[in-house]
Amino acid sequence: MAPLAIRAYTATTALGRGLQAQRAALAARRGGLRRNDLPVLAPGQAPLDCWIGRVDGLEDEALPSRLAQWECRNNRLAWMALQQDGMLDAIAGVVARHGAGRVAVVLGTSTASIAATEEAYARLEDGGFPADLRRSQVHTPHSLGGFVQDATGLRGPCVTVATACSSSAKVFAQASRLIDAGLCDAALVGGIDTLCGSVLFGFNSLQLVSGEPCRPFDAQRNGLSLGEAGGYAVVERAGDGESGLRLCGYGESSDAHHMSTPHPQGLGAQLAMRDALARAGIAPEDVGYLNLHGTATPANDAVEALAVSALFPETLHASSTKGWTGHTLGAAGIVESAVALLALEHGELPGILNSATPDPACGPQIRLDNAQRTIRYAMNNSFGFGGNNAALVFGRA
Amino acid sequence: MTAATTPLHATIEGIGFWAPGLPTWEAACRFVRDGELPADAPARPSPQLLAPNERRRAPETVAVALDVALAACRAAGREPAALPSVFASMHGDLAITDYMCATLAADPASVSPTRFHNSVHNAAAGYWTIGTGAMQPATALSAGDASFAQGLLDALAQLHSGSEAVLLVAYDSQACGPLAAVSPSVGVLGAALVLSLHPREGAATLELAQIAADATSAVADGPLARRLGGNAMAPMLPLFDALAQSATQASVHAGPGQHLQLRLVPAAAAIDAPTGAPA
């Protein structure tokens with residue numbers, strides 16, 4: 001594929017707002033997880049006994065009044081993340097070059113604004129939604145895309161991708177195709193997910209939530225920690241001879257195996273990674289850093305490590321950063337792409353937080369310690385329920 | 001100005017359709033042409049891809065999506081496992097959303113693990129890839145009332161980017177519970193298209209003429225749009241009315257102030273078309 005220029009990128013997580021906060025916490029190995037203190041909607045119920053990656057200050061930042069109809073936790077985080085790292089300037093830049101009608105909005109989420117729907121059900125009045133939550137646009141999966149389109153004034157194709165935890169990795173692929181087909185000249189991609197009852201109690205029902213901060217690839221890992229996060233990137237066709245960050249390749253696949261268990265040999269994951277490398281036109285040994293999906297559930301990590309060792313040499317530095325942020329679900333793709341891009345820009349390769357004893361089943365590519373090294377290409381894996389896989393290759397020109 | 005320099009186009013190799021009273025594309029076509037409804041139409045879709053016990057238990061959205069997807073692949077003579085797929089739905093499964101929110105409000109620890117994993121927007125895509133053994137990419141998206149149009153754009157872009165053929169599936173379900181007042185949707189509706197770039201005798205073609213401002217948008221007044229207009233996926237029906245009527249154009253809502261203008265070459269005419277699509 002023709003590489004796409006990345007004009008700007010950003011992430012906001014439990015580590016703080018914007019890239020500098022992510023970079024500083026990763027370098028200092030300072031995690032953002034805390035004991036679950038998210039209020040439960042059902043009367044008389046205690047929060048689940050687990051750890052979460054919560055974004056500070058979300059409750060205190062209402063949307064501007066012109067956007068008040070979109071008010072909800074997820075859109076507040078979408079708005080907060082949009083204010084970081086020069087995103088609005090980058091958007092203004094592509095609009096100035098191409099016009100708002102030629103810039104697409106392609107965002108990923110798994111929860112959308114479901115927390116607002118959960119709240120409406122907990123506060124029913126005579127069997128109906130309370131007046132302040134009778135807003136159709138926040139009770140549907142496209143709440144995120146619709147909000148960001150309204151907030152930015154972008155008028156190209158606008159879509160919300162919802163393939164569970166691969167959502168905001170797949171948006172890069174979709175935007176790349178839209179640009180390639182001439183349907184737009186640039187795109188705002190990214191994703192937002194916020195903590196809510198559906199994900200906390202849902203993952204708990206599958207017995208996938210750990211009672212401790214998650215320990216990716218540790219021999220004693222026993223489940224994931226959930227987090228909330230958001231991020232974006234502005235992508236555009238790269239000019240001839242121009243330098244800067246690039247999306248070099250994407251790969252997508254399906255496991256064709258099970259709704260909530262990965263393929264036992266990681267065949268789908270391998271397919272996605274091979275496809276991304278092929279599209280980027282590079283060999284496995286060219287990749288310097290791989291941000292793993294690495295949820296810290298016993299099954300995911302074992303299968304992913306198997307797929308990675310089948311494909312990459314021992315020299316690869318691969319890690320999961322979910323010990324810092326928690327599993328941010330539909331936002332994991334953009335957040336961990338931001339981590340991969342930071343590694344590419346600064347040569348600071350994160351290891352794994354909270355994990356002490358590597359699972360012997362995992363190969364030498366899985367690194368617990370941070371490292372410093374200049375790299376040419378960085379990769380990010382994101383896998384979702386339904387066996388939905390995406391892998392992205394980033395580089396520098 | 002917003003039209004692509006090379007018009008995006010596709011051969012419609014196969015069509016699947018399911019709506020209350022109209023359980024196949026053939027039934028929908030007869031209804032559009034003659035106003036005729038089949039006798040003894042089944043009350044719900046029955047996707048043959050699933051084992052009988054799973055068929056009964058499958059969420060409504062999964063059932064309708066798998067039913068129309070398989071029908072479209074059979075009509076196209078395509079092996080389902082070979083196709084990348086795009087699944088579009090405005091709301092996903094409203095009955096599961098209602099269940100999840102009601103349970104969380106009352107007894108959150110009792111959430112059913114199966115209902116939870118079925119609550120993801122890509123549940124239908126997941127069951128499809130598992131059921132057919134497809135390791136090809138599958139996506140699931142929503143764009144509000146423009147979900148079908150945005151799904152079609154992604155499918156056309158996938159063909160442009162080198163996919164041999166693409167399966168596009170669109171569906172929405174029946175709203176229930178308190179949610180029905182804010183996210184209304186009546187009945188269950190699904191449709192699927194197998195699209196490719198290969199000219200095929202006896203197959204209709206579609207071409208994206210332009211993405212235009214809504215001012216000139218056609219009124220959705222075909223027989224299918226009138227009968228099934230209450231479903232959240234109804235904005236796709238002008239295309240299916242046009243295909244059933246062998247019309248030469250259709251307009252589909254594509255987002256705030258926008259619609260897709262589609263040029264159609266009906267199946268019968270396509271046989272004689274000098275250059276339907278480039279080889």
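In short, a report on the structure. The shown structure was predicted, so the numbers you read here are calculated from the model rather than taken from an experiment.

**Remarks on the overall build of chain A**
Turning to step 1, where the next piece is worked out: Looking only at helices and strands, chain A features 11 helices and 16 strands.
Turning to step 2, where the next piece is worked out: The C-alpha atoms of chain A give 20 Å as radius of gyration, which agrees with the globular expectation for 397 residues (21 Å, within 12%).
Turning to step 3, where the next piece is worked out: If one aligns the C-alpha atoms of chain A with their principal axes, the spans along those axes are about 60 × 50 × 40 Å.
Turning to step 4, where the next piece is worked out: Per-residue burial for chain A yields a buried fraction of 66% across its 397 residues.
Turning to step 5, where the next piece is worked out: For chain A, the exposed area adds up to about 12,100 Å²; of that, 49% sits on carbon and sulfur atoms.
Turning to step 6, where the next piece is worked out: A gap of 3 Å separates the mean positions of the 30 positive and 37 negative side-chain charges of chain A.

**A short note on the overall build of chain B**
Turning to step 1, where the next piece is worked out: Looking only at helices and strands, chain B has 10 helices and eight strands in total.
Turning to step 2, where the next piece is worked out: If one aligns the C-alpha atoms of chain B with their principal axes, the spans along those axes are about 65 × 40 × 40 Å.
Turning to step 3, where the next piece is worked out: Looking at chain B as a whole, 59% of its 279 residues are labelled buried.
Turning to step 4, where the next piece is worked out: Partitioning the contacts of chain B with sequence separation of at least 6, the portion at a separation of at least 24 is 72%.

**Some remarks on the interface of chain B and chain A**
Turning to step 1, where the next piece is worked out: Between chain B and chain A, the contact holds 59 residues from the first and 62 residues from the second.
Turning to step 2, where the next piece is worked out: Summing both partners gives a buried area of about 4,700 Å² for chain B against chain A, and 65% of it is carried by carbon and sulfur.
Turning to step 3, where the next piece is worked out: Three residues stand out in chain B for area buried against chain A, namely B:F116, B:M135 and B:V182, and they jointly supply 14% of the buried area on that side.
Turning to step 4, where the next piece is worked out: The interface formed by chain B and chain A holds one salt bridge in total.

**Considerations on the environment of A:L82**
Residues and elements named next belong to chain A.
Turning to step 1, where the next piece is worked out: Mapping L82 onto the fold places it in helix α2 (residues 73-82).
Turning to step 2, where the next piece is worked out: Note on L82: relative accessible area 0%, which makes it buried.
Turning to step 3, where the next piece is worked out: Each C-alpha atom, one on L82 and one on N300, is 31 Å from the other, the two residues being 218 residues apart in sequence.
Turning to step 4, where the next piece is worked out: Dropping the residues within four chain positions of it, L82 is found in contact with M87, L88, I91, T152, L188 and Y232.

**Considerations on helix α9 (residues 237-244) of chain B**
Residue and element names in this part refer to chain B.
Turning to step 1, where the next piece is worked out: Extensive coverage of α9 is indicated by the burial of eight of its eight residues.
Turning to step 2, where the next piece is worked out: For α9, every residue scored as buried is listed here: L237, P238, L239, F240, D241, A242, L243 and A244.
Turning to step 3, where the next piece is worked out: Just downstream of α9 lies S246, where phi reads positive at about 55°.

**As for the environment of A:M259**
Turning to step 1, where the next piece is worked out: Along the chain, the position of A:M259 falls in the loop between β10 (245-254) and α8 (267-280).
Turning to step 2, where the next piece is worked out: For A:M259 and A:G333, which are 74 residues apart along the polypeptide, the C-alpha to C-alpha distance reads 19 Å.
Turning to step 3, where the next piece is worked out: Sequence-distant contacts of A:M259, that is, excluding residues within four places in its chain, are made with A:F385, A:G386, A:G387, B:H117, B:V120, B:A123, B:G126, B:Y127 and B:I130.

**Focus on helix α3 (residues 87-98) of chain A**
Residue and element names in this part refer to chain A.
Turning to step 1, where the next piece is worked out: Along its 12 residues, α3 runs 17 Å from first to last C-alpha, staying within 8% of the 16 Å computed at 1.5 Å per residue.
Turning to step 2, where the next piece is worked out: If you check which residues of α3 are buried, you get M87, A90, I91, G93 and V94. What you see down the axis of α3 is that its buried residues fit within an arc of 155°, all on one side. Along α3, exposed side chains directed more than 90 degrees from the buried face belong to D89 and A96.
Turning to step 3, where the next piece is worked out: In this structure, the buried residues of α3 make contact with β1 (4-13), α2, β5 (103-108), α5 (143-152), β7 (186-193) and β9 (229-237).
Turning to step 4, where the next piece is worked out: The positive-phi residue at the C-terminal boundary of α3 is G99, with phi of around 95°.

**Re the packing of α2(A) against α5(A)**
Residue and element names in this part refer to chain A.
Turning to step 1, where the next piece is worked out: One way to put it is that α2 packs onto α5 with a least axis distance of 10 Å and a crossing angle of 40°. By the angle between their directions, the pair α2 and α5 is classed as oblique. Relative to α5, α2 is oriented so that their crossing is right-handed. Residue-level contacts link N74, N75, A78, W79 and L82 of α2 to S143, L144, F147, V148, A151 and T152 of α5.
Turning to step 2, where the next piece is worked out: In terms of residue class, the contact of α2 with α5 is made up of seven nonpolar, four polar and no charged.

**Considerations on the state of the cysteines**
All names here are of chain A.
Turning to step 1, where the next piece is worked out: Scanning the model with the defined rule gives zero disulfides over all chains in all.
Turning to step 2, where the next piece is worked out: Free of any disulfide, C214 has its nearest neighbouring cysteine sulfur in C50, separated by 11 Å.
Turning to step 3, where the next piece is worked out: The exposure class assigned to C214 is buried, which follows from its relative accessible area of 1%.

**A look at the sheet that holds strand β4 (residues 51-53) of chain A**
Residue and element names in this part refer to chain A.
Turning to step 1, where the next piece is worked out: The strand order β3-β4-β8 describes an open sheet built from three strands, whose pairing is mixed. Two strands close off the open sheet at either side, each with one partner strand: β3 (34-35) and β8 (226-227).
Turning to step 2, where the next piece is worked out: Two elements, β3 and β4, share two bridges in a ladder whose sense is antiparallel. Across the sheet, R35 pairs through a bridge with W51, a residue of β4.

**Considering the nonpolar core**
Turning to step 1, where the next piece is worked out: Counting residues in hydrophobic clusters, the biggest one holds 104 residues, and the most contacted among them are A:F172, B:F17, B:W25, B:F148, B:L224, B:L239 and B:F240.
Turning to step 2, where the next piece is worked out: By residue number, the principal contributor to this core is helix α11 (residues 332-346) of chain A, which donates nine residues.
Turning to step 3, where the next piece is worked out: Sequence-distant contacts of B:W25, defined by excluding residues within four places in its chain, comprise B:I15, B:F17, B:L224, B:F240, B:L243 and B:A244.
Turning to step 4, where the next piece is worked out: Ranked by size, the runner-up nonpolar core spans 70 residues in total, among them B:A58, B:W128, B:A165 and B:Y171.

**Quick look at the packing of aromatic side chains**
Residues and elements named next belong to chain B.
Turning to step 1, where the next piece is worked out: Per the counting criterion, the structure on display carries 11 aromatic pairs over all chains.
Turning to step 2, where the next piece is worked out: Each ring, one from W25 and one from F240, has its centre 5.9 Å from the other, and the planes form 80°; the classification is edge-to-face. Taken together, the residues span a long stretch of sequence, with W25 in helix α1 (residues 25-34) and F240 in helix α9 at a distance of 215 residues.
Turning to step 3, where the next piece is worked out: The exposure class of F240 is buried, given its relative accessible area of 0%.
Turning to step 4, where the next piece is worked out: Ring centres 5.9 Å apart and planes at 65° place the aromatic pair F148 and F240 in the edge-to-face group. A residue pair is termed long-range when its members are at least 10 positions apart, and F148 in helix α7 (residues 147-160) and F240 in helix α9 qualify at 92 residues.

**Comments concerning the packing of helix α4 (residues 114-122) of chain A against helix α4 (residues 94-106) of chain B**
Turning to step 1, where the next piece is worked out: The geometry of α4(A) relative to α4(B) is characterised by a closest axis approach of 8 Å and an angle of 60° between their N-to-C directions. Judged by the inter-axis angle, α4(A) sits oblique to α4(B). For α4(A) against α4(B), the interelement crossing comes out right-handed. Contacts from A:I114, A:T117, A:E118, A:Y121 and A:A122 of α4(A) reach α4(B) at B:T97, B:D98, B:C101, B:A102, B:L104 and B:A105.
Turning to step 2, where the next piece is worked out: Along the lines of polarity and charge, the residues of the contact of α4(A) with α4(B) split into seven nonpolar, two polar and two charged.

**A short note on the pairing of strand β1 (residues 9-18) of chain B**
Residues and elements named next belong to chain B.
Turning to step 1, where the next piece is worked out: A large share of β1 lies buried, amounting to 10 of its 10 residues.
Turning to step 2, where the next piece is worked out: Across four bridges, β1 lies against strand β6 (residues 204-213) in antiparallel orientation. Within the sheet, the bridge partner assigned to I12 lies in β6 and is A204.
Turning to step 3, where the next piece is worked out: Alignment of β1 against strand β5 (residues 189-196), held across seven bridges, turns out to be antiparallel. Within β5, the residue paired with W18 across the bridge is G190.

Rules used in this analysis
- Residues numbered from 1 in each chain as written.
- Chains lettered and ligands numbered in written order.
- Predicted model: local features only at pLDDT ≥ 70, side-chain atom pairs only at ≥ 80, totals over all residues.
- Heavy atoms only, no water.
- Helix = DSSP H or I, 4+ residues; strand = E, 2+ residues; numbered from the N terminus.
- Rg over C-alpha atoms; globule rule 2.2 N^0.38 Å.
- Buried < 20%, exposed > 50% of the residue type's maximum accessible area, 1.4 Å probe, protein only.
- Areas by Shrake-Rupley, 256 points an atom, 1.4 Å probe, with all protein chains shown as cover.
- Lys, Arg positive; Asp, Glu negative; His and termini not counted.
- Charge placed at Lys NZ, Arg CZ, Asp CG, Glu CD.
- Contact = heavy atoms within 4.5 Å.
- Buried area = accessible area lost by both parts, 1.4 Å probe.
- Salt bridge = Lys/Arg side-chain N within 4 Å of Asp/Glu carboxyl O.
- Expected span 1.5 Å × (residues − 1).
- Arc of directions from axis to C-beta.
- Axes fitted to C-alpha atoms, helices over the stretch in contact; angles between N-to-C directions.
- Parallel < 35°, antiparallel > 145°, perpendicular 65-115°, else oblique.
- Left-handed = near helix turned anticlockwise from the far one by under 90°.
- Nonpolar A, V, L, I, M, F, W, Y, C, P; charged D, E, K, R; others polar.
- Disulfide = S-S within 2.5 Å.
- Pairing = 2+ DSSP bridges.
- Core = buried A, V, L, I, M, F, W, Y, C linked by side-chain atoms within 4.5 Å.
- Phe/Tyr/Trp six-rings, centres within 6.5 Å; stacked < 30°, edge-to-face > 60°.

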